[in-house]
Amino acid sequence: MLGTVLLSLVAGFFAGNGLPYYLQGSCGEGRNPSPFPDRPSVSVLVGVVAFAVAAVAWHFAEVDAHPWPALLAAGAGVLAVGLIHARTWRDPNPWGKRAAQAAGR
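Residues numbered from 1 in each chain as written. Predicted model: local features only at pLDDT ≥ 70, side-chain atom pairs only at ≥ 80, totals over all residues. Heavy atoms only, no water.

A.B. asks: Would you explain unusual backbone geometry in this entry?
C.D. replies: Glycine aside, a negative phi is what most residues show, and trans is what most peptide bonds show. The residue Glu 62 is not glycine, and still its phi comes out positive at about 55°. With respect to the helices and strands, the residue Glu 62 is situated in the loop between helix H2 (40-59) and helix H3 (67-88). (Helix = DSSP H or I, 4+ residues; strand = E, 2+ residues; numbered from the N terminus.)

Listed below in structure tokens is the structure:
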């Protein structure tokens, strides 16, 4: 059951992390707090990769054996990444990219 909980937590975390990247990128917004270039196509790609990681983790989580712990762990992962985004995305420059670009690096 521990494996189910951990993999479900990872699945929820990555699904919750991929959603804002995918949505911002598909809406033409590329400015997001990540170490990658600020382009919409990069945001969409980051979101899709996060969704793929979430799908693989969910596939191997054996959710049928322990459905309630899996769903609760996935929900905890979504909540955790949402709280991280609420704090991190508030800062307009969390990775220092804008300062490096302004300095001509």
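A.B. asks: I tried to follow the packing of helix H1 (residues 2-26) against H3 on my own but got confused; where do I start?
C.D. replies: Think of two packed helices as two axes; the pair is described by the angle between the axes and how far apart they sit. Following both chains from N to C, one finds H1 and H3 inclined at 40°, their axes separated by 7 Å at the closest point. Here H3 runs oblique to H1, going by the angle between their axes. Viewed along their axes, H1 and H3 form a crossing whose handedness is right-handed. Of the residues in H3, those touching H1 at Thr 4, Val 5, Ser 8, Leu 9, Gly 12, Phe 13, Gly 16, Asn 17, Pro 20 and Tyr 21 are Pro 69, Ala 70, Ala 73, Ala 74, Ala 76, Gly 77, Val 78, Ala 80, Val 81, Ile 84 and His 85. The class makeup of the residues in the contact of H1 with H3 is 14 nonpolar, seven polar and no charged. (Axes fitted to C-alpha atoms, helices over the stretch in contact; angles between N-to-C directions. Parallel < 35°, antiparallel > 145°, perpendicular 65-115°, else oblique. Left-handed = near helix turned anticlockwise from the far one by under 90°. Contact = heavy atoms within 4.5 Å. Nonpolar A, V, L, I, M, F, W, Y, C, P; charged D, E, K, R; others polar.)

A.B. asks: Help me understand H2, please; the structure alone is not making it clear to me.
C.D. replies: Because an α-helix completes one turn every 3.6 residues, residues spaced three or four positions apart along the sequence face the same direction. Compared with the 28 Å implied by 1.5 Å per residue over 20 residues, the 29 Å span of H2 between its first and last C-alpha is a close match. When H2 is considered as a whole, its buried residues turn out to be Val 42, Ser 43, Val 46, Gly 47, Ala 50, Ala 54 and Ala 57. All buried residues of H2 lie within an arc of 135° about the axis, which places them on one face of the element. Turned more than 90 degrees away from the buried face of H2 sit Leu 45 and His 59, all of them exposed. Residues of H2 that are buried sit in contact with H1. (Expected span 1.5 Å × (residues − 1). Buried < 20%, exposed > 50% of the residue type's maximum accessible area, 1.4 Å probe, protein only. Arc of directions from axis to C-beta.)

A.B. asks: Got a minute to help me understand the side chain of His 85 in this structure?
C.D. replies: Structurally, His 85 is set in helix H3. Apart from the residues lying within four places of it in its own chain, the contact partners of His 85 are Gly 16, Asn 17, Pro 20, Tyr 21 and Arg 90.

A.B. asks: Is there a simple way to explain the side chain of Thr 4 in this structure?
C.D. replies: Along the chain, Thr 4 falls in helix H1. The buried category is assigned to Thr 4, whose relative accessible area is 4%. If sequence neighbours within four positions are ignored, Thr 4 has contacts with Ala 61, Glu 62, His 66 and Ala 70.

A.B. asks: Is there a simple way to think about a nonpolar patch on the surface in this case?
C.D. replies: A cluster of nonpolar side chains, contributed by Val 10, Leu 45, Val 49 and Val 53, occupies part of the molecular surface with about 310 Å² of accessible area. At three residues, the largest contribution of residues to the nonpolar patch is made by H2. Checked against the element boundaries, Leu 45 lands in helix H2. For Leu 45, a relative accessible area of 55% gives the class exposed. (Patch = residues over 30% accessible without salt bridge, like charges linked within 9 Å, V, L, I, M, F, W, Y side chains within 5 Å. Areas by Shrake-Rupley, 256 points an atom, 1.4 Å probe, with all protein chains shown as cover. Salt bridge = Lys/Arg side-chain N within 4 Å of Asp/Glu carboxyl O.)

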